[in-house]
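Single-letter residue listing:
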Amino acid sequence: MSSTSDVLIVGSGAAGLTAALTLADRFRVTVLAKGALNEGSTAWAQGGIAAVLEPGDTFANHVEDTMVAGAGLNDRDVVEFVIGGAPAAIERLVRLGVPFETDGNALHLTREGGHSHRRIVHVADATGWAVQEALQRAAEAHPNITLLPDRVAIDLATSRHEERYSGAGTVWGVYAVERTLGHVELHTARATIMATGGAGRTYLFSTAPRGATGDGIAMAWRGGCRIANMEMMQFHPTCLYDLDVKNFLITEAVRGEGGRLVNPRTGHRFMPDIDPRAELAPRDVVARAIDAEIKRDGLDYVHLDISHMPAAFVRGHFPNIHEKLLGLGIDMTRQPIPVVPAQHYTCGGIVVDRDGRTDLPGLYAAGECTESGLHGANRLASNSLLECFVFGEACATDIAARWDTLPPVPAIRPWDESRVTDSDEEVVIKQNWTEIRRFMWNYVGIVRTTKRLQRAASRIRLLQEEVADYYGHFRVTPDLIELRNLIQTAELIVRSALQRHESRGLHYVLDWPGTLPDAVDTVLVP
Ligand code: FAD
Ligand code: SIN
């Protein structure tokens, strides 16, 4: 089923649904998701949402903590804009029915790394699930919102696809594969918002869901948008080490509530040797410290231990993690948890301004697929859901303000499948998918060298040729679309990493250990 609406939103997570709900009283909105509506990262968020609510805390403190974590690469105006928007965003979620934990009459605030105050509002240790449910419930109930799951967007439909070709670059929507029948549909609108989440699955080990393949970033790049700071890939320090369960996050709040990192061989608590903030140093510092410990002693993992806290406290704060671990034979109230760092968050992405506008007329973007200037060289914990709420609303507000100037959608050509056939070599997709993720983990991980980055770049060139050839000959499938985006995103990450001749925040290169005096974005221009 192709569609025409006022506004098209690609993505049904926190950013996409916030935009949809803000627009829907005035406009007809269609929201696409590539699988079920709740399969993005939003539903997986554990820790919570950062907001200045503790007596004695100030917006200025939160701004400063964000800038320190981001190693000065942040845009201060944007940081102030987003942090200033937090209390209103939380209030809206409360009105939508998100059952945040309370402490008497106030919201309960937990603590995470890099925050100088207790600041994280949460729903036990499964905040994202509650947020996704509330947003989805409201969107499903709204008569002006059409939710279309199982649509995998392939590429932007732009002026080049108009029946009368034009090079103006205006975006009119997307072409997308409908999963069950395999047809390519055309979804058009006067304005399109990209809210497709991150690119975590470019790496072998990631806390992100299966669909985090950088689709929006790759589509925007192919369409002509600038992409920035893709070298800033965040690795979460504490992903469960389990050979079967590969991507279960152990929330940073476990360290916020007293959890300690210990070398399992020596029993030594190593973080106080490295940073005065110990386990609550920003993520890049903690992830590098764990990586160094593992590499130096040839370990498989380190231990995260909160068993010194009362058992009822641990069970009360972390009911879902506690239960999940019990199912795997680990009782976190009595035993340490084996953990390793894993890719967690894509700090860079599509360049947007404060209204969520991209470089292309008609195209907006919000959430993890963007580079808004908020996170800089390293995202402060629990600032990302917040960014989704604030920028989801900002896109919607700007579209509403400009509505009368947005031209109506012209006639757009349907997808052309006349020169392709069904694939007889699906094995290519599986092989390349695994290969990319493995060399990205080994060559473009927590600690980098120029030589390894160059090795990754030459493999990417070969794979890009192979995938382009495959894409040119065979009918598109969801797996092929994701593979094409995965390799494109990997190329943007490696190219950006090679351009930054310093170590800053998440980008740590042995050949360039120093930090340059000026913080400058890595901006790639198509
Ligand atoms: P997502 O929620 O990822 O949604 C992306 C949407 O885009 C999905 O609907 C997907 O189907 C759709 N999509 C993607 N590609 C296509 C395509 N080609 N066609 C159609 N649709 C497409 N942040 C915090 O602030 N606090 C936390 O406590 C926290 N915990 C986290 C825990 C985990 C395990 C993870 C992985 C992340 C966590 N984060 C946390 C980060 C945060 O969850 C994400 O940054 C945020 O949810 C991203 O929201 P989004 O709306 O940008 O994208
Ligand atoms: C966590 O709960 O540790 C994740 C928080 C985040 O990614 O912001």
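For the structure itself, look to the data block above.
Scope of this entry: the structure provided in the associated data block. (Residues numbered from 1 in each chain as written. Chains lettered and ligands numbered in written order. Predicted model: local features only at pLDDT ≥ 70, side-chain atom pairs only at ≥ 80, totals over all residues. Heavy atoms only, no water.)

**Things to note about the site of ligand 2**
In the neighbourhood of ligand 2, the contacting residues comprise Q46, G47, E112, H236, L249, T251, E252, R283, H344, R379, A381 and S382. One of the backbone N or O atoms of G47 is found 2.9 Å from an oxygen atom in ligand 2. R283 is positioned such that a nitrogen or oxygen atom in its side chain is 3.1 Å from an oxygen atom of ligand 2. In isolation ligand 2 has 260 Å² of accessible area, and contact with the protein removes 93% of it. In terms of residue class, the shell around ligand 2 is made up of two nonpolar, six polar and four charged. (Near = heavy atom within 4 Å. Polar contact = N/O pair within 3.5 Å; in protein donor to acceptor, adjacent residues only side chain to side chain. Areas by Shrake-Rupley, 256 points an atom, 1.4 Å probe, with all protein chains shown as cover. Nonpolar A, V, L, I, M, F, W, Y, C, P; charged D, E, K, R; others polar.)

**Re the site of ligand 1**
Around ligand 1, 38 residues are found, and the nearest of them are T42, G48, D215, E368 and S384. T42 has a polar side-chain atom sitting 2.5 Å from an oxygen atom of ligand 1. Between S384 and ligand 1, the recorded distance is 2.7 Å, taken from a side-chain N or O atom to a nitrogen atom. Protein chains bury 97% of the 1,000 Å² of accessible surface belonging to ligand 1 in isolation. Elements with a minimum of two residues in the shell around ligand 1: helix 1 (14-23), strand 9 (151-158), helix 6 (215-223), strand 16 (337-346) and helix 12 (384-402). Considering only residue class, the shell around ligand 1 consists of 16 nonpolar, 17 polar and five charged. (Helix = DSSP H or I, 4+ residues; strand = E, 2+ residues; numbered from the N terminus.)

**Here's the deal with the pattern of salt bridges**
The final tally for this structure, using the stated rule, is 35 salt bridges. With a closest N to O distance of 2.6 Å, R500 and E502 form a salt bridge. Each member of the pair R500 and E502 is classed as buried. It is possible to trace a salt-bridge network through shared partners that takes in K34, R210, D215, D479 and E482. (Salt bridge = Lys/Arg side-chain N within 4 Å of Asp/Glu carboxyl O. Buried < 20%, exposed > 50% of the residue type's maximum accessible area, 1.4 Å probe, protein only.)

**Thoughts on helix 14 (residues 450-473)**
With 24 residues, helix 14 extends 35 Å from end C-alpha to end C-alpha; this agrees with the ideal 34 Å at 1.5 Å per step. Where helix 14 is concerned, the buried positions are T450, L453, A456, A457, I460, L463, V467, Y470 and Y471. Buried residues along helix 14 sit against strand 9, helix 13 (427-443) and helix 15 (478-499). (Expected span 1.5 Å × (residues − 1). Contact = heavy atoms within 4.5 Å.)

**Observations concerning the packing of helix 13 against helix 14**
Angle between the axes and distance between the axes: these two values describe a pair of packed helices. Close contact between helix 13 and helix 14 brings their axes to 10 Å; oriented N to C, the two are set at 165°. Taken together, the axes of helix 13 and helix 14 lie roughly antiparallel to each other. Both helix 13 and helix 14 take part in a crossing whose hand is left-handed. Together, V428, I429, N432, E435, I436, F439, N442 and Y443 of helix 13 and R452, L453, R455, A456, R459, I460, L463, E466, V467 and Y470 of helix 14 make up the contact between the two elements. Here the residues of the contact of helix 13 with helix 14 are counted per class, giving eleven nonpolar, two polar and five charged. (Axes fitted to C-alpha atoms, helices over the stretch in contact; angles between N-to-C directions. Parallel < 35°, antiparallel > 145°, perpendicular 65-115°, else oblique. Left-handed = near helix turned anticlockwise from the far one by under 90°.)

**Observations regarding the nonpolar core**
The biggest cluster of nonpolar side chains holds 68 residues, and the ones touching the most others in it are I154, M194, I350, I436, M440 and V444. Per-element tally for this core: the top contributor is helix 15, with ten residues. Once residues lying within four places of it in the same chain are set aside, the contact partners of I436 are T202, L463, L483, L486, I487 and A490. The next biggest cluster of nonpolar side chains, apart from the first, holds 56 residues, and it includes V78, A89, V98 and L406. (Core = buried A, V, L, I, M, F, W, Y, C linked by side-chain atoms within 4.5 Å.)

**Quick word on the pairing of strand 1 (residues 3-10)**
The element strand 1 is extensively covered by neighbouring structure, given that seven of its eight residues are classed as buried. Where strand 1 lies against strand 11 (residues 184-194), seven bridges are found, and the strand directions are parallel. Among the inter-strand pairings, T4 is bridged to a residue of strand 11, identified as T188. Examined bridge by bridge, strand 1 and strand 2 (residues 29-32) share four bridges and lie parallel to one another. By the bridge assignment for strand 2, V10 is matched with L32. For the handedness criterion, the β-α-β arrangement of strand 1, helix 1 and strand 2 is classed as right-handed. (Pairing = 2+ DSSP bridges. Right-handed = clockwise from strand over helix to strand, strands pointing away.)

**Some details on the packing of helix 2 (residues 59-69) against helix 3 (residues 76-84)**
At a minimum axis distance of 10 Å, the contact between helix 2 and helix 3 shows a crossing angle of 130°. Judged by the angle between their axes, helix 2 and helix 3 are oblique. Classified by chirality, the crossing of helix 3 by helix 2 is right-handed. For the pair helix 2 and helix 3, the contacting residues are F59, H62, V63, E64, T66 and M67 in the first and R76, V79, E80, I83 and G84 in the second. Along the lines of polarity and charge, the residues of the contact of helix 2 with helix 3 split into five nonpolar, three polar and three charged.

**So, the state of the cysteines**
Per the counting criterion, the structure on display carries zero disulfides. For C225, which is in no disulfide, the shortest distance to another cysteine sulfur is to C369 and amounts to 10 Å. Taking the relative accessible area as the measure of exposure, C225 reaches 0% and is therefore buried. A disulfide-free cysteine, C347 has its sulfur positioned 13 Å from the sulfur of C388, the nearest such atom. With relative accessibility at 2%, the residue C347 sits in the buried group. (Disulfide = S-S within 2.5 Å.)

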